[in-house]
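Spelled out, the chains give:
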There are 2 protein chains.
Amino acid sequence: MDAKISTQKSIGTKHSILDKTLEIIRGKWRLHIIYQIGTEVRRYGELRRMIPQVSEKVLIQELKSLMNLGVIEKKIYNEVPPRVEYALTSKGRQVLPILLKLTTVGEVFLK
Amino acid sequence: MDAKISTQKSIGTKHSILDKTLEIIRGKWRLHIIYQIGTEVRRYGELRRMIPQVSEKVLIQELKSLMNLGVIEKKIYNEVPPRVEYALTSKGRQVLPILLKLTTVGEVFLK
DNA sequence: TTTTTTACTAACCTCTTGGTAAGTAAGTCG
DNA sequence: CGACTTACTTACCAAGAGGTTAGTAAAAAA
């Protein structure tokens, strides 16, 4: 029985993996943001225009969180007016296909 | 340009599809619950024991929401003490593989 | 000189989500 | 009879998520 446990992930580990996933995708705007940055590098203002329902404050707040989680990264150009670009990190690019497939969930349940 | 739009989903549609997805998976416990019911039919008490961190109230509340969304269904047996079993609907079973793959997101970002 | 642009920050407030604690029905078991 | 079991409900609260509004820097354009 101990052998069985050692060959698979413990419940605790599975739990924390799921929680880490939720940390990333939970929240009203995270997936919207990731979807927009996923295809190509985006400036802050672009994102605002592409997801107009989100407030400025929350958009920046979520971009920060996604950066802290290592999903996206930002590049600041020393120009005036300022210019900032957001892109997926390599880890972000790694999980993008899975996240994109999530739309099929919505498709199934909208029918 | 109109032709282009008619051959692909409009932004509005994509948006509502994503929102429907989020309606299902957002929330602290939804995925935990789906993961447990996914493999086999579960009684309420079983779920409580398998996800001990969730409170009774919230577990029932989330089960109800998932039922209203058409993800799970419940079967009540006329016994005393009562017996209730929860199972995925066919739509639920349809999207389970995608939802299970979400753990790889957590795996990538835990490293 | 005033306005515009871009990417923010800060104060404040509301609404939603989730948690706690207690209670209920209706039989079985000791 | 009283305790136990299961699947709930209800009332009340605390925390968190998200929204609104106003303000900032710094240069270029009108």
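Residues numbered from 1 in each chain as written. Chains lettered and ligands numbered in written order. Predicted model: local features only at pLDDT ≥ 70, side-chain atom pairs only at ≥ 80, totals over all residues. Heavy atoms only, no water.

Draft legend 1. Structural detail: the sheet that holds strand β3 (residues 83-88) of chain B. Residue and element names in this part refer to chain B. An order of β1-β3-β2 is seen for the three strands of this open sheet, with the pairing classed as antiparallel. A strand with exactly one partner marks an edge of an open sheet, and here the two such strands are β1 (42-43) and β2 (72-77). Pairing of β1 with β3 involves two bridges; the strand directions are antiparallel. By the bridge assignment, R43 is partnered in β3 with E85. Relative to the sheet, helix α5 (residues 56-68) contacts β2 and β3, its axis offset from that of β2 by approximately 115°. (Pairing = 2+ DSSP bridges. Helix = DSSP H or I, 4+ residues; strand = E, 2+ residues; numbered from the N terminus. Contact = heavy atoms within 4.5 Å. Axes fitted to C-alpha atoms, helices over the stretch in contact; angles between N-to-C directions.)

Draft legend 2. Quick look at the confidence of the model for chain A. Residues and elements named next belong to chain A. Chain-level pLDDT for chain A is 91 on average; 90% of the residues reach the 70-or-more range. Confidence, read as mean pLDDT per element, is least for helix α1 (residues 2-7) in chain A (41) and greatest for helix α6 (residues 90-101) (98). Here residues 1-7 is a poorly scored stretch, pLDDT under 50, and it has zero contacts once near neighbours within four places are set aside; other chains count. (pLDDT = per-residue confidence, 0-100.)

Draft legend 3. Here's a closer look at the protein's contact with DNA strand D. Taken together, the neighbourhood of DNA strand D is formed by 22 residues, with K28 and K57 of chain A together with G45, E56 and Y86 of chain B sitting nearest. At the protein interface, 64% of the atoms of DNA strand D within 4 Å belong to sugar or phosphate. The contact in question runs from a sugar or linking oxygen of DNA strand D to an N or O atom on the backbone of P82 of chain B, over 3.0 Å. Contributing elements (two or more residues each) for the surface near DNA strand D: α5 (56-68) of chain A together with α4 (44-50), α5 and β3 of chain B. Take the surface near DNA strand D: its biggest share by element is four residues, from α5 of chain B. Tallied by class, residues from the surface near DNA strand D come to nine nonpolar, three polar and ten charged. (Near = heavy atom within 4 Å. Polar contact = N/O pair within 3.5 Å; in protein donor to acceptor, adjacent residues only side chain to side chain. Nonpolar A, V, L, I, M, F, W, Y, C, P; charged D, E, K, R; others polar.)

Draft legend 4. Region of the structure containing the protein's contact with DNA strand C. In the region of DNA strand C, 22 residues are neighbours, and G45, E56 and Y86 of chain A together with K28 and K57 of chain B sit closest. Counting only the atoms of DNA strand C within 4 Å of the protein, the fraction contributed by sugar and phosphate is 65%. Within the contact set of DNA strand C, a phosphate oxygen lies 3.2 Å away from a side-chain nitrogen or oxygen of K64 of chain A. Contact distances for DNA strand C include 3.1 Å between a phosphate oxygen and a side-chain N or O atom of K74 of chain A. Those elements that place two or more of their residues in the surface near DNA strand C are α4 (44-50), α5 and β3 (83-88) of chain A together with α5 of chain B. Examining the composition of the surface near DNA strand C, we find that four residues originate from one element, α5 of chain A, more than from any other. By residue class, the composition of the surface near DNA strand C is nine nonpolar, three polar and ten charged.

Draft legend 5. Representation of the interface of chain B and chain A within the structure. Each partner contributes to the interface: chain B provides 38 residues, whereas chain A provides 38 residues. Here chain B packs against chain A, burying approximately 3600 Å² in sum over the two surfaces, 75% of which is carbon and sulfur. At the surface where chain B touches chain A, the tally comes to zero salt bridges. In this structure, the connection of chain B to chain A is made through ten residue pairs in polar contact (both at pLDDT 80 or more). Here the side of chain B that touches chain A takes ten residues from helix α2 (residues 11-25) of chain B, the largest share from any one element. Partitioning the side of chain B that touches chain A into residue classes produces 17 nonpolar, twelve polar and nine charged. (Buried area = accessible area lost by both parts, 1.4 Å probe. Salt bridge = Lys/Arg side-chain N within 4 Å of Asp/Glu carboxyl O.)

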